[in-house]
Amino acid sequence: MSTKAQRTENFDLSWMDRFFHWVDKLPFHYFWFYLFIYLFVVLSQHLAIWLEGVLPMGEFAPVILVQTVWFVFVSTFWQFMRRSGATALVNFRPALQLAQREYERVRDEFLYLPSRTGWGFTIVGIVLLPIGLPLFDEYYGPLFSSAYTKYSTLILSLIVVGLNLGAFYSAIRMLAHIDKLYKRVKQINLFNLTPLYSLSLFTSKVGMVFIIFVLLNLITPYVMGTSDPGIQNFYTLFNSITALLIFIMPLLGIHRRLEEAKAQAVETNNDLIENGFAQMQSLVKAGKHEEVSKWRGSNSALLEYRQELNRISTWPLDTATLRSFVTALFVPLTVWSIQQLVNRVIN
């Protein structure tokens, strides 16, 4: 790839990917960059409304604190997804057995958006933004009497709507691409599944981001005073199921292939075991007892091999990944359950 990171050998990069490449080159972790953006927006907008007398000096507006999280969250999510995907693909590469040029083509298609796609989502975002303007007026209310707060929010929204569309399209595209990557695996080694685990770790991370999305959806209405239990329940259930599907669905294809490979290995081994016992029976009948011990050793090895085959999971994920995802999934569900309990007690 070009060191300028403006294009790959296959297509021009979207402006979003060029921006993320620039952030990656910063001398510190991208998290600190987005935290700086968050603090800058929050403090500058509050400074404007304080100086203009919209709010008393030192009083913070919950809507600004929360909405700015959403502005920054999308970019952070996309950057995290690209980095995690790149790491997963590097770890998965031994299973692909591709030449360097072909691997780079696969990598670029997996990680990046073409320039036209990026601008397409930006244009759609510009078209959709006016639809949300009444909501901004409702949420921000008198805060929009500050010209800086109003126009900086609208400019951010203009950028973020396109980023939102691009991020979710990119996530779906990458997850759909995982099945294609698994299909490129020509030979499965049941005793070396580590490369295959790397992609399940990636799907679990993307699923966990959607779990964070659930938490933000639970917290935001309470902070902004716009809580609607029916809508909250729908989003909690919908996004929790989405997170689970994101984790599991891309793995189904390779799961079936692993089942087939394991079943074939077990069947072949069982045939050898059956043949070995048949040979020993023949030797016993022929009175050649001294040769039975040779076959007994071979059959013991085959029986041990069968035990090892039975221990192999046909899901391409390790226990730690599964445990981390399930634990993360229960966090928003626990928060949601507590909210339901509190609401019932209050009502």
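The rules behind each value
Residues numbered from 1 in each chain as written. Predicted model: local features only at pLDDT ≥ 70, side-chain atom pairs only at ≥ 80, totals over all residues. Heavy atoms only, no water. Helix = DSSP H or I, 4+ residues; strand = E, 2+ residues; numbered from the N terminus. Buried < 20%, exposed > 50% of the residue type's maximum accessible area, 1.4 Å probe, protein only. Contact = heavy atoms within 4.5 Å. Polar contact = N/O pair within 3.5 Å; in protein donor to acceptor, adjacent residues only side chain to side chain. Expected span 1.5 Å × (residues − 1). Core = buried A, V, L, I, M, F, W, Y, C linked by side-chain atoms within 4.5 Å. Phe/Tyr/Trp six-rings, centres within 6.5 Å; stacked < 30°, edge-to-face > 60°.

Participant: Help me understand the overall build of the protein in this model?
Facilitator: A tally of helices and strands in the protein yields 11 helices and 0 strands. What you see in the protein, going N to C, is helices and strands ordered as α-α-α-α-α-α-α-α-α-α-α. Within the protein, buried positions represent 43% of all 347 residues. Across the protein, the fraction of contacts at a sequence separation of at least 24, relative to all contacts at a separation of at least 6, is 80%.

Participant: What is the right way to read the side chain of H46 from this model?
Facilitator: Residue position: H46 is located in helix α2 (residues 30–51). A polar side-chain atom of H46 sits 2.8 Å from the main-chain amide nitrogen of A61. Residues within four places of H46 in sequence aside, it is in contact with E59, F60, A61, I64 and L65.

Participant: What's the story with α2 in this structure? I'm lost.
Facilitator: A turn of α-helix holds 3.6 residues, and therefore any two residues three or four places apart point the same way. Over its 22 residues, α2 runs 32 Å from end to end, which matches the ideal 32 Å to within 8%, given 1.5 Å per residue. Listed in full, the buried residues belonging to α2 are Y30, F33, Y34, Y38, V41, V42, S44, Q45, H46, A48, I49 and W50. The inward-facing, buried residues of α2 contact α1 (15–24), α3 (62–96) and α6 (147–183).

Participant: Help me understand the side chain of T149 in this model?
Facilitator: Structurally, T149 can be placed in helix α6. We classify T149 as buried; its relative accessible area is 0%. If near-sequence neighbours (up to four positions away) are discounted, T149 is found in contact with Q45, A48, I49, I64, L143 and F144.

Participant: So what exactly am I meant to see when it comes to the nonpolar core here?
Facilitator: When a protein is soluble and globular, its nonpolar side chains tend to lie buried together. The biggest cluster of nonpolar side chains holds 79 residues, and the ones touching the most others in it are F92, L196 and F202. Residues within four places of L196 in sequence aside, it is in contact with F92, A95, Y182, V185, I254, L258 and P316.

Participant: What's the story with the packing of aromatic side chains in this structure? I'm lost.
Facilitator: The relative placement of two aromatic rings is captured by the distance of their centres and the angle of their planes. Here the structure, examined in full by the defined rule, presents 21 aromatic pairs. Ring geometry for W50 against F60: centres 5.4 Å apart, planes inclined by 80°, an arrangement best described as edge-to-face. Placement of W50 in helix α2 and of F60 in the loop between α2 and α3 is noted, with a sequence separation of 10 residues between them. Since its relative accessible area comes to 41%, F60 is described here as partly exposed. Judged by centre distance (5.5 Å) and plane angle (90°), the ring pair of F92 and Y182 falls under edge-to-face. Here the residue F92 occupies a position in helix α3, and Y182 occupies one in helix α6, the gap between them amounting to 90 residues. For F92, a relative accessible area of 0% corresponds to the buried category.

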